[in-house]
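Residue-level listing of the chains:
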Amino acid sequence: MTDGTRTRMPALHKELLRIAIFAVGVALLLNVLDSGVALNFVMMALYAALLAQAWNILGGYGGQFSFGHALFFGTGAYVQAIAQIDGGLNPWLAMPLGVLASAGVGVFVGALSFRYGLKGSYFALVTLAFAEVFRIVALSVPFTGAGVGLMVPLREGFGNMQFGSRRGFALMVLGLVVLALLVTCWLRHSRFGAYLQAVRDNEDAARAAGVNPFRIKLGAIALSGGFMGAGGAFYVQAFQYIDPGIAYGAHTSVEALVGAIVGGMGTLWGPLIGALALHVLADLTRNLFGQLPGINMVIYGVVLVLMILFAPRGLGGLGRSVRELWKGRKK
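Residues numbered from 1 in each chain as written. Predicted model: local features only at pLDDT ≥ 70, side-chain atom pairs only at ≥ 80, totals over all residues. Heavy atoms only, no water.

**Here's the deal with the overall build of the protein**
Here is step 1 of the chain: For the protein, the count of helices and strands is 14 helices and 2 strands.
Here is step 2 of the chain: In terms of overall dimensions, the protein is globule-like: its C-alpha atoms have a radius of gyration of 20 Å, near the 20 Å expected for 331 residues.
Here is step 3 of the chain: By its C-alpha atoms, the protein is 60 × 45 × 45 Å across when sized along the principal axes.
Here is step 4 of the chain: In the protein, which comprises 331 residues, the share counted as buried stands at 48%.
Here is step 5 of the chain: Long-range pairs, those at least 24 residues apart, make up 76% of the contacts in the protein between residues at least 6 apart in sequence.
Here is step 6 of the chain: Charged side chains of the protein number 24 positive and 13 negative; the gap between the two group centres comes to 11 Å. (Helix = DSSP H or I, 4+ residues; strand = E, 2+ residues; numbered from the N terminus. Rg over C-alpha atoms; globule rule 2.2 N^0.38 Å. Buried < 20%, exposed > 50% of the residue type's maximum accessible area, 1.4 Å probe, protein only. Contact = heavy atoms within 4.5 Å. Lys, Arg positive; Asp, Glu negative; His and termini not counted. Charge placed at Lys NZ, Arg CZ, Asp CG, Glu CD.)

**Digging into the nonpolar core**
Here is step 1 of the chain: Counting 90 residues, the largest nonpolar core has F22, L46, Y47, F234 and I242 as the members making the most contacts within it.
Here is step 2 of the chain: Per element, the largest residue contribution to this core is 15 residues, and it comes from helix α2 (residues 36–59).
Here is step 3 of the chain: The residues contacting I242, other than those within four sequence positions of it, are A77, Y78, A81, G149, L150, Y235, V236 and A247. (Core = buried A, V, L, I, M, F, W, Y, C linked by side-chain atoms within 4.5 Å.)

**Let's talk about unusual backbone geometry**
Here is step 1 of the chain: Of note in the backbone geometry, M161 takes a positive phi value of approximately 55 degrees without being a glycine.
Here is step 2 of the chain: As for its position among the elements, M161 is in the loop between β1 (150–151) and α6 (166–189).
Here is step 3 of the chain: In the Ramachandran plot, Q240 falls in the positive-phi region, its phi being about 60 degrees despite a non-glycine side chain.
Here is step 4 of the chain: Structurally, Q240 is set in the loop between α9 (213–239) and β2 (241–242).

**Here we look at helix α3 (residues 70–85)**
Here is step 1 of the chain: Spanning 16 residues, α3 covers 22 Å between terminal C-alpha atoms, matching the ideal 22 Å at 1.5 Å per step.
Here is step 2 of the chain: The buried count for α3 comes to 13 of 16 residues, which makes it a mostly enclosed element. (Expected span 1.5 Å × (residues − 1).)

**So, helix α11 (residues 250–263)**
Here is step 1 of the chain: The end-to-end C-alpha separation of α11 is 20 Å, in line with the 20 Å expected for 14 residues at 1.5 Å each.
Here is step 2 of the chain: Among the 14 residues in α11, 11 count as buried, and that is most of the element.
Here is step 3 of the chain: For α11, the complete set of buried residues consists of T252, S253, E255, A256, L257, V258, G259, A260, I261, V262 and G263.
Here is step 4 of the chain: Against the buried residues of α11 lie α2, α3, α9, α10 (244–248), α12 (270–289) and α13 (295–310).

**Topic: the pattern of salt bridges**
Here is step 1 of the chain: The full count for this structure, using the stated rule, is 8 salt bridges.
Here is step 2 of the chain: Two residues, K217 and E203, come together in a salt bridge whose shortest N-O distance is 3.2 Å. Linking K217 in helix α9 with E203 in helix α8 (residues 203–208), this pair joins segments that are 14 residues apart in sequence. A single burial state applies to K217 and to E203, both of which are buried. (Salt bridge = Lys/Arg side-chain N within 4 Å of Asp/Glu carboxyl O.)

**Regarding the packing of α2 against α9**
Here is step 1 of the chain: Between α2 and α9, whose axes approach to 7 Å, the crossing angle comes to 165 degrees. Comparing their axes, α9 and α2 come out roughly antiparallel. When you trace α2 past α9, the crossing you get is left-handed. Here α2 contributes M43, M44, Y47, L50, L51, A54, W55, I57 and L58 to the contact with α9, which in turn contributes K217, A220, I221, L223, S224, F227, M228, A230, G231, F234, Y235 and F239.
Here is step 2 of the chain: Tallied by class, the residues present in the contact of α2 with α9 amount to 18 nonpolar, 2 polar and 1 charged. (Axes fitted to C-alpha atoms, helices over the stretch in contact; angles between N-to-C directions. Parallel < 35°, antiparallel > 145°, perpendicular 65-115°, else oblique. Left-handed = near helix turned anticlockwise from the far one by under 90°. Nonpolar A, V, L, I, M, F, W, Y, C, P; charged D, E, K, R; others polar.)

**Overview of the side chain of S224**
Here is step 1 of the chain: Structurally, S224 is set in helix α9.
Here is step 2 of the chain: Overall, S224 belongs to the buried group, its relative accessible area being 0%.
Here is step 3 of the chain: Looking at S224, its side chain comes within polar contact range of the main-chain oxygen of A54, at 2.4 Å.
Here is step 4 of the chain: Polar contacts involving the side chain of S224 include one to the side chain of H69, which spans 2.7 Å.
Here is step 5 of the chain: Not counting chain neighbours up to four residues away, the residues in contact with S224 comprise A54, W55, I57, L58 and H69. (Polar contact = N/O pair within 3.5 Å; in protein donor to acceptor, adjacent residues only side chain to side chain.)

**Some words on the environment of G68**
Here is step 1 of the chain: Its location among the elements puts G68 in the loop between α2 and α3.
Here is step 2 of the chain: Between the C-alpha atoms of G68 and G249, which are 181 residues apart in sequence, the distance is 8.7 Å.
Here is step 3 of the chain: Contacts of G68, omitting those with residues within four sequence positions, involve T127, L128, A131 and S253.

**With respect to the packing of aromatic side chains**
What describes a pair of aromatic rings is the distance from one ring centre to the other and the angle between the planes of the rings.
Here is step 1 of the chain: The full count for this structure, using the stated rule, is 16 aromatic pairs.
Here is step 2 of the chain: If you follow R115 out to its NZ or CZ, it ends over the ring of F214, 4.1 Å from the centre.
Here is step 3 of the chain: Its end group placed over the ring of F239, R166 keeps NZ or CZ at 5.2 Å from the ring centre. (Phe/Tyr/Trp six-rings, centres within 6.5 Å; stacked < 30°, edge-to-face > 60°. Lys NZ or Arg CZ within 6 Å of the ring centre and 35° of its normal.)

**Topic: the environment of A49**
Here is step 1 of the chain: In this fold, A49 is placed in helix α2.
Here is step 2 of the chain: The buried category is assigned to A49, whose relative accessible area is 1%.
Here is step 3 of the chain: Along the backbone, A49 and A275 are 226 residues apart, and their C-alpha atoms lie at a distance of 5.0 Å.
Here is step 4 of the chain: Sequence-distant contacts of A49, that is, excluding residues within four places in its chain, are made with P271, L272 and A275.

What follows is the structure, given as structure tokens:
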């Protein structure tokens, strides 16, 4: 065992222990809560965290900013719905298909983008364009329900992934969040993750060291797309409905990227912290202003600008950012 392995292993064990404590703690909380409102709040906060974690794999660890992650969300959601409605497939079997389809779309978009060296704003615009193309196609073809959308039949029961209360859905999305945490933890301590972060920091230097940036980024977008697709599949089961505006709309993409950026990109817990903070803020906004159209997007934009200006490391690195800002003023 090398010295590097000795130093990494304790850190890995600590992170796994924290993930286990988080999973058990939230599960116990969900079993104690009786209020439907409280259960729905926890479920939606965890759902937002899943989207932010998915974006963080590609944007935070890979450095490939996407403005169109709804592309993968919508694909997973539609595959989940169509597999049940037209294919008569059990939802537990449909979900892996949705995840694989979203990962496949990620590989397709990544192959086109990374093969020609697109990155930065160019890559962000490509993902946004693909999301819009998929939205227009979903509005036009009959098997997606066109503009009407698709309604998943109500067949309440664990075997049909339709639980009697929000508690069941909250526990389900908790499992997905924990899985995303474990994959992120693996990224932080694996060779693939080290290669991915090397490509993010300096692609030319990584290539000179023998890393294949194309393959590494392709793997990252497949992982990121797969988790986003799982979020879409979960949404369909929880709300039993999907349409092109929900599936491929800008709101989903914004929610994913803002949660990760506000919490702290390229960190294990940052996306979860950011998603929770934004969800609390969104609920407070709804209570103060009611269902004012577009208010959430305005709030997200303001928060994003403030975080970039004053706390670029996100909420997870807020203490360090404040200390540096204070030192800068003293000088």
